[in-house]
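# Examination of the molecular architecture
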Amino acid sequence: MQIRKDFSLKNYNTFGINATARFFAEVTSVEELKKILQHKDYPEKFILGGGSNMLLVNDIEALVIHVNIKGITILSEDVNSVTIKVMAGENWHQMVLWTIEKDFGGLENMSLIPGNTGTAPIQNIGAYGVELKDSFVCCEAMNRINQELETFSKEDCKFGYRESFFKSEGKDNFVITSVTLKLTKNNHKLNTSYGAIEEELQNKNIINPTIKDVSNAVIAIRNNKLPDPKKLGNSGSFFKNPIITKSQFEIFIEKHPTSPFYKVSESEYKIPAGWLIEQCGFKGKRYGDAGVHSKQALVLVNYDNATGKEILNLAHKIINEVNSKFEIIIKPEVNLIK
C-alpha cells in the first residue's frame, strides 16, 4: 500500500474538479483499511469512495483514503429471496446489473446511479420511487477510533430522505466496508408508476415487464436526462427535492397551480427542485465553466475547468433565487467538502 504526495483527485470525483490531496492511499482489503487508519503519521484522514456525491471546494490537506474493496457474496437464499453481501468498493451500477442478470429483484429502479456501494447507505440513495432502505438488511462499518468492525441494522442507520446516521450523528466516525441486501427471486414487486418509467415501457410496447425491462427503461430515461460524468463533469442531482408542510403547500399551489408535486403523507408534500430551478430561468445557463444542465435543471455541471468554489457559488445563487421566488429553501444533496 503506497502513500502518495500531492495527488490529483480529478479522476476520483465525478465533477472532475482538479483538487489535490496532500497525501493519498488506496486500500483494497479490510485489513489494509485497518492498518492505514492506525497510521499515526497522518492524524487527519479523509475517506473517499466513488467520488460521485461530493463537491471538492478546496484541496484536501489530510490523507485521502480511497476505499476500493471488491467482492459480492451470496450469503443465503431460498425459493423466494436471496441475501447478498457487497463490498464497499463495488461500483453500484455494475452491481445492480449483476443482480438483474441473476434475476434478483429490488434494485432495478436504481440502475445507473453513479458511485460505489459503500457510500450508498450514507445517502440512502434512491430513484424512481425506490430507495436503498427498501432492500437493505445491514452494513458493516469500521470505527475510525478503535478500528473495530461494527454491524448496523436498518434501524441503526436511521434512514430518511437522502439522510442516515452516517450523514448526521455518525458522520466522519465510521467507514462502511460492506452492505448486505435482501432481494427477491420471484414474484418481483415492480415499481413502474414513478416518473416516466411507464411511458418508456409503453413506447417499447412492453406490457408485462421484467426487472430487466424496468432497468433498461430507467437507464434510457437517465441517459436522456442526465449527462455522463465521463463526458461532462457532474454529480447527478445536486439538490434535494424540498418537502413542505400541507399549509405551505396550499399557499404554494394556489400561486403556482401548474407545479408538479408528490404527496408524501397527509401533512407533507414534495416539490421537484428541478421544476423550481427551471422556473427561475437557470436551465441550460452557463457561468464560465460552471453551469446548469440543458436537459435537467437539477444537475450542475463542470464544462471544463470549473473550480469547486465556482460550482458552489452557482449553487448559492440558485438557492437564493428559488427562495426569493417561491419562499422554499432547497438544499444540496451532494456533500460539500470544504
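Everything below is about the structure printed above this text.
Not measured: the values here are computed from a predicted model. (Residues numbered from 1 in each chain as written. Predicted model: local features only at pLDDT ≥ 70, side-chain atom pairs only at ≥ 80, totals over all residues. Heavy atoms only, no water.)

The next subject is the packing of aromatic side chains. Aromatic rings in a pair are described by how distant their centres are and how their planes are angled relative to each other. Counting across every chain of the model gives 20 aromatic pairs. Judged by centre distance (5.5 Å) and plane angle (65°), the ring pair of F7 and Y12 falls under edge-to-face. A residue is classified by how much of its surface remains accessible, and F7, at 14% relative accessible area, is buried. Judged by its relative accessible area of 23%, Y12 falls in the partly exposed class. Here a set of aromatic residues connected by ring pairs shows up, and it is made of F152, F165, F166 and F174. The lysine or arginine in question, K270, covers the ring of Y161, its NZ or CZ lying 4.4 Å from the ring centre. Its guanidinium or amino end placed over the ring of Y303, R286 lies 4.2 Å from that ring's centre, counting from NZ or CZ. (Phe/Tyr/Trp six-rings, centres within 6.5 Å; stacked < 30°, edge-to-face > 60°. Buried < 20%, exposed > 50% of the residue type's maximum accessible area, 1.4 Å probe, protein only. Lys NZ or Arg CZ within 6 Å of the ring centre and 35° of its normal.)

Buried within helix α7 (residues 246-255) we find F249, F252 and I253. An end-on view of α7 places all buried positions within 95° of arc, on one side of the element. The exposed residues of α7 that point more than 90 degrees off its buried face are I251, E254 and K255. For α7, the secondary structure elements touched by its buried residues are β14 (243-245), β16 (268-270), α8 (273-279) and α9 (308-326). (Helix = DSSP H or I, 4+ residues; strand = E, 2+ residues; numbered from the N terminus. Arc of directions from axis to C-beta. Contact = heavy atoms within 4.5 Å.)

Quick look at unusual backbone geometry now. In this model, Y128 sits at a positive phi of 50°, which is unusual for a non-glycine residue. Relative to the assigned elements, Y128 resides in the loop between β8 (126-127) and β9 (130-131). Even without being glycine, K158 reaches a positive phi, approximately 50°. Mapping K158 onto the fold places it in the loop between α4 (154-157) and β12 (174-184).

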